[in-house]
Amino acid sequence: MELIPLWYWLIVFFVFGACVGSFYNVIVYRMPRGISLVNPPSHCPLCKKHIPIYLNLPVIGWFILRGKTACCHKPLNIIYPIGEALCGLLGVLALFAAVAVNYGAVVPELFSAPVVRSEVWADALAMFWLLLAIYPVCAVDFKYKLIPDSMSVGGIAAGLLLSLIPGGITPLQSLIGAVAAGGGLWLLGVIASKVFKKEAMGFGDVKLLAGYGALMGVQSAFMILVIAAVIGIIVMIPYAKIQAKVAEKASVDDSEDAPGQIPFGPFLAIAAPVVYLWGSDLLDMYLRFVIGE
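Figured I'd write up the structure that's included with this text. Please read all numbers here as calculations on a predicted model, not as lab measurements. Sequence order sets the numbering: in each chain, residues are counted from 1 along the sequence as written. Given that the model is predicted, a residue must reach a pLDDT of at least 70 before its local features are reported, and side-chain atom pairs must reach 80 or more before they are shown or counted; all residues, however, enter totals for whole chains, interfaces and linings. As a rule here, side-chain values cover all heavy atoms of the structure and leave hydrogens and water aside.

**Thoughts on a nonpolar patch on the surface**
(1) Moving on: Within this analysis, patches are made of residues with over 30% relative accessible area and no salt bridge. Like charges are joined at 9 Å or less; nonpolar side chains (Val, Leu, Ile, Met, Phe, Trp, Tyr) at 5 Å or less. Exposure was quantified through the Shrake-Rupley algorithm and a 1.4 Å probe, taking into account, for residues, occlusion by the shown protein chains and nothing else. By convention in these notes, a salt bridge is any Lys or Arg side-chain nitrogen within 4 Å of a carboxyl oxygen on Asp or Glu. On the surface, Trp 186, Leu 187, Ile 191, Val 195, Phe 196 and Phe 203 cluster together to form a nonpolar patch covering roughly 680 Å² of accessible area.
(2) Moving on: Counting from the N terminus, the helices are DSSP H or I runs at least four residues long and the strands are E runs at least two residues long. Top contributing element to the nonpolar patch by residue count: helix 6 (residues 171-196), with five residues.
(3) Moving on: Mapped onto the elements, Phe 203 comes out in helix 7 (residues 203-216).

**Comments concerning helix 6**
(1) Moving on: Each helix should span, by expectation, one fewer than its residue count multiplied by 1.5 Å. Taking 1.5 Å per residue, 26 residues should reach 38 Å; helix 6 reaches 37 Å between its end C-alpha atoms and fits that length.
(2) Moving on: Considered for burial, the residues of helix 6 that qualify are Ser 174, Gly 177, Ala 178, Ala 181, Gly 182, Leu 185, Gly 189 and Ala 192.
(3) Moving on: The first or second residue beyond helix 6 is Lys 197, which carries a positive phi of 65°. Only protein chains enter the accessibility calculation, which uses a 1.4 Å probe. A residue is then buried if its area is under 20% of the maximum for its type, exposed if over 50%, and partly exposed in between.

**Some points on the layout of surface pockets**
Unfilled space is identified by rolling a water-sized probe across the atoms.
(1) Moving on: Put plainly, a pocket is an open set of points on a 1 Å grid over the protein atoms alone with protein on both sides within 12 Å along at least five of seven lines, a cavity is a set where a 1.4 Å probe fits but cannot get out, and a lining residue has an atom within 4 Å of a point. Grid points are joined across faces, edges and corners, and a volume is the space filled by probe spheres set on the points. Size it by volume and the second largest pocket reaches roughly 860 Å³.
(2) Moving on: Along the walls of the second largest pocket sit 33 residues, with Ser 22, Ser 42, His 43, Ile 51 and Asn 56 positioned nearest its centre.
(3) Moving on: Of all the secondary structure elements, the ones that give two or more residues to the lining of the second largest pocket are helix 1 (6-30), helix 2 (60-64) and helix 3 (79-103).
(4) Moving on: Broken down by element, the residue count for the lining of the second largest pocket peaks at seven residues, all from helix 1.
(5) Moving on: Nonpolar residues are Ala, Val, Leu, Ile, Met, Phe, Trp, Tyr, Cys and Pro. Charged residues are Asp, Glu, Lys and Arg, and all others, Gly as well, are polar. Looking at the lining of the second largest pocket residue by residue, the classes come out as 21 nonpolar, eight polar and four charged.

**What to know about the packing of helix 5 (residues 149-162) against helix 6**
Working note: a packed helix pair is described by the angle between its axes plus the distance between those axes.
(1) Moving on: Contact pair helix 5 / helix 6: the axes reach a minimum separation of 8 Å and the direction vectors enclose 160°. Classified by the angle between their axes, helix 5 and helix 6 sit roughly antiparallel to one another. Considering the relative orientation of helix 5 and helix 6, their crossing is right-handed. Every residue of helix 6 that contacts helix 5 at Ile 156, Gly 159 and Leu 160 is listed here: Pro 171, Ser 174, Leu 175 and Ala 178.
(2) Moving on: Split by residue class, the contact of helix 5 with helix 6 holds five nonpolar, two polar and no charged. Axis lines are fitted through C-alpha atoms, for helices just across the contact stretch, and the angle between N-to-C directions can take any value from 0 to 180 degrees. In what follows, roughly perpendicular refers to angles from 65 to 115 degrees, roughly parallel to angles under 35, roughly antiparallel to angles over 145, and oblique to any angle outside these ranges. The crossing is said to be left-handed when, going from far helix to near helix, the turn is anticlockwise and less than a right angle, and right-handed when the turn is clockwise. Whether two residues are in contact is decided by their heavy atoms: any pair within 4.5 Å suffices.

**Description of the packing of aromatic side chains**
(1) Moving on: Two aromatic rings from Phe, Tyr or Trp, using only the six-membered ring of Trp, form a pair when their centres are within 6.5 Å; if the ring planes differ by under 30 degrees the pair is stacked, by over 60 it is edge-to-face, and anything between is tilted. On inspection of all chains with the given rule, the structure shows seven aromatic pairs.
(2) Moving on: Between the aromatic rings of Phe 23 and Tyr 24, the centroid separation amounts to 6.4 Å while the plane-to-plane angle is 45°, which identifies the pairing as tilted.

This is how it looks when you write it as structure tokens:
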């Protein structure tokens, strides 16, 4: 039996990633507006006419139409093919990173080697989910302060399903990770809300971290929370100072949506693949720094 080389699977992951990216474009546009993700089917955003499947191909469709709608010949937003291509590249990176994790290093010879071990596929699919989730989580949460349930609840389902593949965490560890991570962040949010007298943590963040707990377990979920908080602080301090000056000039009150407030979900989404790939190394570095050799 002839084995399929890695370069072929990299192409497959790009195509798969671009297709998922096309769906994520739908999520980013429809979900905040309260529009169903399945009904109506794909249609022109301008004249609402149905788009046939052969013109709705990820990336390629935009070039076939030369950046214009087929029905009313109006310019199509270039963000659509960019998002699809980005997700395709992230799909390639997911498999590439999974091979690197399992083999210790990525060398040219691996591109002609078969990828057949189950843990490689588990890592590749986990990384695929983690990397591609960054796009819709950031795009929606930054603008609308919402996290799509397809990313948060879907992450819990993805983690539980991937735990069935041998070589990773067990289904019991996945379930405990989801409950402990989500429940822990929810409790932290309740306490913080009482201390600061306003909502300190959205429930979307709770469900998102629960998904990461289901995918990686309790310890990794805690590390994601810590790293996300550190990234958030690094970004938030200068951003808040800049926005405070803008708000002062514009007389903007300190409301829920006032400038200077940044959603936490994107930082969780960015920290998750970092922890998945290098969590153990980061923990070892931290313990050596605190405890010493």
